[in-house]
Amino acid sequence: MVHTYNYPRPAVTVDCVVFGLDQTDYLQVLLIQRRLPPFVGQWALPGGFVRQDEALETAARRELQEETDVTGLFLEQLQTYGQPNRDPRGHTVTVAFYAVVNLWDHQIKAATDAKEARWWPLSQLPDLAFDHGMIVQDAIATLRTTIRHKPIGFELLPPKFTLTQLQRLYEIVLDCPFDKRNFRKKLLKLDILIALDEKETNVAHRAAQLYRFDQAKYVERQKIGFNFDL
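Residues numbered from 1 in each chain as written. Predicted model: local features only at pLDDT ≥ 70, side-chain atom pairs only at ≥ 80, totals over all residues. Heavy atoms only, no water.

*Asks:* So what about the overall build of the protein? Which residues, and what values?
*Replies:* The number of helices and strands found in the protein is five helices and nine strands. The proportion of buried residues among the 230 residues of the protein is 45%. Contacts in the protein between residues far apart in sequence, at least 24 positions, make up 65% of those at least 6 positions apart. A total of about 13000 Å² of accessible surface is found on the protein, and carbon and sulfur atoms cover 48% of it. Averaging the coordinates of the 28 positive side-chain charges in the protein and doing the same for the 29 negative ones gives two points 5 Å apart. (Helix = DSSP H or I, 4+ residues; strand = E, 2+ residues; numbered from the N terminus. Buried < 20%, exposed > 50% of the residue type's maximum accessible area, 1.4 Å probe, protein only. Contact = heavy atoms within 4.5 Å. Areas by Shrake-Rupley, 256 points an atom, 1.4 Å probe, with all protein chains shown as cover. Lys, Arg positive; Asp, Glu negative; His and termini not counted. Charge placed at Lys NZ, Arg CZ, Asp CG, Glu CD.)

*Asks:* Describe the nonpolar core, naming the residues involved and giving the relevant values.
*Replies:* Judged by nonpolar contacts, the single largest core of 44 residues is most densely connected at V17, F19, L27, L143, L166 and Y170. For this core, the elements supplying multiple residues, two or more each, are β1 (11-21), β2 (27-34), β5 (76-81), β6 (92-102), α2 (132-146), α3 (163-174), α4 (180-189) and β9 (209-213). What L27 contacts, discounting residues up to four positions off in sequence, is F19, G20, L21, W120, P121, L122, I140, L143, L156, I172 and V173. One finds C16, V70, L75 and L103 within the second-largest nonpolar core, a separate group that totals 16 residues. (Core = buried A, V, L, I, M, F, W, Y, C linked by side-chain atoms within 4.5 Å.)

*Asks:* Go over the side chain of E67, please, and point to the residues and values.
*Replies:* Among the structural elements, E67 can be located in helix α1 (residues 56-68). Despite its burial, E67 pairs with no opposite charge, the nearest such side chain being R34 at 5.9 Å. (Salt bridge = Lys/Arg side-chain N within 4 Å of Asp/Glu carboxyl O.)

*Asks:* How would you sum up the packing of aromatic side chains? Please name residues and give values.
*Replies:* What the rule picks out here adds up to seven aromatic pairs. Seen from their ring centres, F39 and F130 are 4.8 Å apart, and the 70 degrees between their planes marks the pair as edge-to-face. Taken together, the positions of F39 in the loop between β2 and β3 (43-44) and F130 in the loop between β7 (114-121) and α2 put the pair 91 residues apart, joining distant regions of the chain. Ring centres of F213 and Y218 lie 6.0 Å apart, and the angle between their planes is 50 degrees; this geometry places the pair in the tilted category. The ring of W120 has R118 sitting right over it, with the charged end atom 3.8 Å from the ring centre. (Phe/Tyr/Trp six-rings, centres within 6.5 Å; stacked < 30°, edge-to-face > 60°. Lys NZ or Arg CZ within 6 Å of the ring centre and 35° of its normal.)

*Asks:* Describe α2, naming the residues involved and giving the relevant values.
*Replies:* Here α2 contains 15 residues, and its C-alpha end-to-end distance of 21 Å stays within 8% of the 21 Å for a straight helix at 1.5 Å per residue. Packed against the buried residues of α2 are β1, β2, β3, β5, β6 and α3. (Expected span 1.5 Å × (residues − 1).)

*Asks:* Outline the packing of α3 against α4, listing residues and values.
*Replies:* Packed helices, taken two at a time, are described by their axes: the angle between them and the distance between them. Where α3 contacts α4, the axes come no closer than 11 Å and their chain directions differ by 105 degrees. Classified by the angle their axes make, α3 and α4 are roughly perpendicular. Contact residues: L163, T164, L166, Q167 and Y170 in α3; K180, F183, R184, L187 and L188 in α4. In terms of residue class, the contact of α3 with α4 is made up of six nonpolar, two polar and two charged. (Axes fitted to C-alpha atoms, helices over the stretch in contact; angles between N-to-C directions. Parallel < 35°, antiparallel > 145°, perpendicular 65-115°, else oblique. Nonpolar A, V, L, I, M, F, W, Y, C, P; charged D, E, K, R; others polar.)

*Asks:* An account of the pattern of salt bridges is needed here, citing residue identities and associated values.
*Replies:* Following the criterion strictly, the structure yields eleven salt bridges and no others. In this structure, E54 and R62 form a salt bridge, with 2.7 Å as the shortest nitrogen-oxygen distance. Residue classification places E54 among the buried positions, given a relative accessible area of 17%. Two residues, E63 and R62, come together in a salt bridge whose shortest N-O distance is 3.1 Å. The exposure class of E63 is buried, given its relative accessible area of 8%. Here R62 falls in the buried class, since its relative accessible area comes to 12%. Among the charged side chains, a salt-bridge network with shared partners connects R51, E54, R62, E63 and E66.

*Asks:* Residues and numbers for the side chain of H132, please.
*Replies:* Examined against the element boundaries, H132 turns out to sit in helix α2. Setting aside anything within four residues of it in sequence, one finds H132 in contact with D15, A44, L45 and R86.

Okay, structure coming up:
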């Protein structure tokens, strides 16, 4: 069906803020280096224009795959940005999404209009194109709120992890220390971890017990009003 409008319309884009964690103890953000104008050679969030008859999340997944080769993420819609001067090409409204991933599970590769794709420590981000710096700050603020009330932090860990790794994850994301005893007591009381009959290997210190997040139990407990709160 063809529609005719009597007024100009802004373009629509999507942008993706993907957070990851690795063994460096830094929260990372996935960025691409732009190959095309505007901002040639500058770093930016993966994203691009929404195609005709394309859903927003579909566009976000497509752009993420095309520019970084990352697929299969659980994307959460973050916010809409529509300042008329945010894009020098003209009035462009962007819808931002965010995700958290385990870096071990994703090999990134630049493609299409991305010259390079790489992970950057959140504390060492370069100057970003467009208003992407503000979008990243909004995303980390949302992540810090969400991680206290939803178990999304487990997406940043290997499938098997220690309680020390889990505590360190929360300290990194929230940028604050936790008391070891209180953190473990509160976490184990939630009863959503499976204690495995396994311990760490190839470590210089005393090997710690490994755990796994019990997704099925969490889903079941949600049905009866379970409140995840750290």
